[in-house]
Amino acid sequence: EPGPGAQPPESEAPQSSAEAPPAELEAPPAESEVWEGDVAAAARLLRPPEGTEADWEILREKTIWAWELGLDTLSMGESMAFLGLSFVGAPYVANTLELPGSEQVVVNLQEMDCVTFVENVLALAHFIRRAEPGTLDSEAETQALYKRLLRQIRYRGGRVDGYPSRLHYFSDWILDNEAKGLVREITRELGGVEDPRAIDFMSTHPEAYRQLANPVVFRAIQNQEAYLSGLVRYRIPEGEMAAGISRIQDGDIIAATSTVQGLDVGHTGLALWQDNALHLLHAPNVDGSVEVSDLPLAERVWRLEGMDGIRVVRPLPQDSHVG
């Protein structure tokens, strides 16, 4: 996975040509210009942050399906495992939150990266518990509730207050969502050891984040990095994962710790037991779509270059904390 929220240079859409000149004024033929930009990326920049009709149709269909199966009566982890599996095949796309303009809640249920996959599944698991059958009859109520859930999960304190308010580092994401009662980290309980490495990837790679060109934003990110670096966090080293794996449950959030200097977590997904082996349900950038890993989790992490362990976070059904 790339660093949190990395933003490549924005593509420019091709410009429409001017009206053709009269034939007698035409210049000699020249070689045709070919626009070599990424059409899909350019179109994505024009995507409405509040989501498209296709996004909201996906939400309605998954909600009705989940209610029919009684997923809202299962544990949060079980609900998330089923909902996560329903996204298998959805395309991996990086930087879907990096739309032009001011920071705002972005809804995209058609494309996702490893973190937005986890966020959407967690939001859906709460949505099917919070929504009433009549909610889906009102487009306004449906959208308001889902955007409120995403905002609570994705932003510090559940408030959108500029780019720094987004929980860019997964350590920050865990910390803030624990404070809201939405998750509980169990890494230490499973044999985790202290991870003393500093977190400063964003401020040491400002060229990857267009928002960091603003010195106020840059300082805010630096301050948050310093705060996170000063906290004690834990990881289960890749060579010691076997002992605690049996206590991991379906739908637990798995965060693979990174060996990249300054980066705390390099990949995320959901735990899924299949044939007595623990696998990862995730959106990998290598294979290009949401999938269940072929390899068991421990072997998958061991083979991933740049990953050296995991953190485990359990989702909680604390709906009252999502306001």
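The model shown is predicted, which means the values in this text are computed figures rather than measured ones. (Residues numbered from 1 in each chain as written. Predicted model: local features only at pLDDT ≥ 70, side-chain atom pairs only at ≥ 80, totals over all residues. Heavy atoms only, no water.)

Enquirer: I tried to follow the pairing of strand β4 (residues 253–258) on my own but got confused; where do I start?
Expert: Successive residues of a regular strand alternate their side chains across the two faces of the sheet. With six of six residues buried, β4 lies mostly within the body of the structure. Taking every second residue as pointing to the same face, both faces of β4 are buried, with Ile-253, Ala-255 and Thr-257 on one and Ile-254, Ala-256 and Ser-258 on the other. In this structure, β4 lies alongside strand β5 (residues 265–274), joined through five bridges in antiparallel fashion. Residue pairing for β5: Ile-254 is matched across the bridge by Gly-269. In this antiparallel pair of consecutive strands, β4 and β5, the connection spans six residues, and Gly-262 shows a positive phi of 90°. Of the pairings in the sheet, the one linking β4 to strand β8 (residues 307–315) comprises six bridges and is antiparallel in character. Looking at β8, one finds that Ser-258 is bridged to Met-307. (Buried < 20%, exposed > 50% of the residue type's maximum accessible area, 1.4 Å probe, protein only. Helix = DSSP H or I, 4+ residues; strand = E, 2+ residues; numbered from the N terminus. Pairing = 2+ DSSP bridges.)

Enquirer: Even after reading the chapter, I still don't get the nonpolar core, so can you show me in this structure?
Expert: Generally speaking, soluble globular proteins have nonpolar side chains that are buried together. Formed by 48 residues in total, the largest nonpolar core has its most connected members in Phe-117, Tyr-146, Trp-173 and Ile-253. Elements represented by at least two residues in this core include exactly α2 (53–69), α3 (76–85), α4 (114–130), α5 (139–154), α6 (170–179), β4 and β5. Looking at this core, the element that brings in the most residues is α4, giving nine residues. In this structure, Trp-173 is in contact with Val-118, Glu-119, Leu-122, Ile-153, Leu-167, Val-183 and Ile-253, ignoring residues within four places of it in sequence. Counting residues in hydrophobic clusters, the runner-up holds 16 residues, among them Ile-186, Ala-271, Leu-280 and Leu-297. (Core = buried A, V, L, I, M, F, W, Y, C linked by side-chain atoms within 4.5 Å. Contact = heavy atoms within 4.5 Å.)

Enquirer: Looking at this model, I keep getting lost on a nonpolar patch on the surface. Mind explaining?
Expert: Taken together, Leu-175, Tyr-227 and Leu-231 make up a surface patch of nonpolar side chains, about 250 Å² in accessible area. Mapped onto the elements of the fold, Leu-175 is located in helix α6. The class for Leu-175 is partly exposed, based on a relative accessible area of 32%. (Patch = residues over 30% accessible without salt bridge, like charges linked within 9 Å, V, L, I, M, F, W, Y side chains within 5 Å. Areas by Shrake-Rupley, 256 points an atom, 1.4 Å probe, with all protein chains shown as cover. Salt bridge = Lys/Arg side-chain N within 4 Å of Asp/Glu carboxyl O.)

Enquirer: I keep staring at the pattern of salt bridges and nothing clicks. Help me out?
Expert: When charged atoms on two side chains of opposite charge get close, those side chains can pair. All chains considered together, the criterion is met by 17 salt bridges. For the salt bridge of Arg-60 with Glu-53, the shortest nitrogen-to-oxygen distance reads 2.4 Å. Linked by salt bridges that have partners in common, Asp-195, Arg-197, Arg-233, Arg-235 and Asp-308 make up one network.

Enquirer: Even after reading the chapter, I still don't get α3, so can you show me in this structure?
Expert: In an α-helix, one turn spans 3.6 residues; hence positions three or four apart end up facing the same way. Counting buried positions along α3 yields seven of ten residues, so the element is predominantly enclosed. For α3, every residue scored as buried is listed here: Met-76, Gly-77, Ser-79, Met-80, Ala-81, Leu-83 and Gly-84.

Enquirer: Can you help me understand the packing of α4 against α5 in this one?
Expert: Pairs of packed helices are described in terms of their axes, by the angle between the two and the distance that separates them. Two elements in contact, α4 and α5, have axes separated by 9 Å at closest approach and are oriented at 130°. Relative to α5, α4 is oriented oblique. Read as a crossing pair, α4 and α5 show a hand that is right-handed. Within the contact between the two elements, α4 uses Thr-116, Glu-119, Asn-120, Leu-122, Ala-123, Leu-124, His-126, Phe-127 and Arg-130 and α5 uses Thr-142, Leu-145, Tyr-146, Arg-148, Leu-149, Leu-150, Ile-153 and Arg-154. (Axes fitted to C-alpha atoms, helices over the stretch in contact; angles between N-to-C directions. Parallel < 35°, antiparallel > 145°, perpendicular 65-115°, else oblique. Left-handed = near helix turned anticlockwise from the far one by under 90°.)

Enquirer: Even after reading the chapter, I still don't get the confidence of the model for the protein, so can you show me in this structure?
Expert: For the protein, per-residue confidence averages 87 on the pLDDT scale, and residues scoring 70 or more make up 84% of the total. Low pLDDT, under 50, characterises residues 2–33; the stretch is placed with 33 contacts to residues that sit more than four places away or in other chains. (pLDDT = per-residue confidence, 0-100.)

Enquirer: Would you explain the environment of Ile-221 in this entry?
Expert: If you trace the backbone, Ile-221 turns up in helix α8 (residues 215–229). Counting along the chain gives 57 residues from Ile-221 to Pro-164, while the straight-line C-alpha distance between them is 6.0 Å. If we ignore the near neighbours within four places in the chain, the residues touching Ile-221 are Pro-164, His-168, Met-202 and Leu-212.

Enquirer: Is there a simple way to think about empty space enclosed by the protein in this case?
Expert: To find leftover empty space, one rolls a probe the size of a water molecule over the atoms. Applying the stated criterion to the full structure yields four cavities of 30 Å³ or more. Of the voids in this model, the second largest cavity is the one considered here, and its volume is about 50 Å³. Around the second largest cavity, the lining residues are Arg-156, Pro-164, Arg-166, His-168, Tyr-169, Asp-172, Met-202, Ile-221, Gln-224, Glu-225 and Leu-228. The element best represented in the lining of the second largest cavity is α8, accounting for four residues. Grouping the constituent residues of the lining of the second largest cavity by class yields five nonpolar, two polar and four charged. (1 Å grid on protein atoms, 1.4 Å probe; cavity = no way out; pocket = protein on both sides within 12 Å on 5 of 7 lines; lining within 4 Å. Points joined across faces, edges and corners; volume = space filled by probe spheres on them. Nonpolar A, V, L, I, M, F, W, Y, C, P; charged D, E, K, R; others polar.)

Enquirer: Is there a simple way to think about the environment of Asp-252 in this case?
Expert: Considering the arrangement of structural elements, one finds Asp-252 in the loop between α9 (242–245) and β4. Residues Asp-252 and Glu-78, spaced 174 residues apart in sequence, show a C-alpha to C-alpha distance of 8.9 Å. Setting aside residues no more than four positions away along its own chain, Asp-252 makes contact with Ile-186, Gly-269, Leu-270, Ala-271, Val-312, Val-313, Arg-314 and Pro-315. Within the structure, the side chain of Asp-252 is placed 2.8 Å from the side chain of Arg-314, a separation counted as a polar contact. (Polar contact = N/O pair within 3.5 Å; in protein donor to acceptor, adjacent residues only side chain to side chain.)

Enquirer: Please clarify how α6 should be interpreted in this entry.
Expert: Summarising burial for α6: seven of the ten residues are buried, a large majority. Following α6 by one or two positions, Gly-181 has its phi on the positive side, about 80°.

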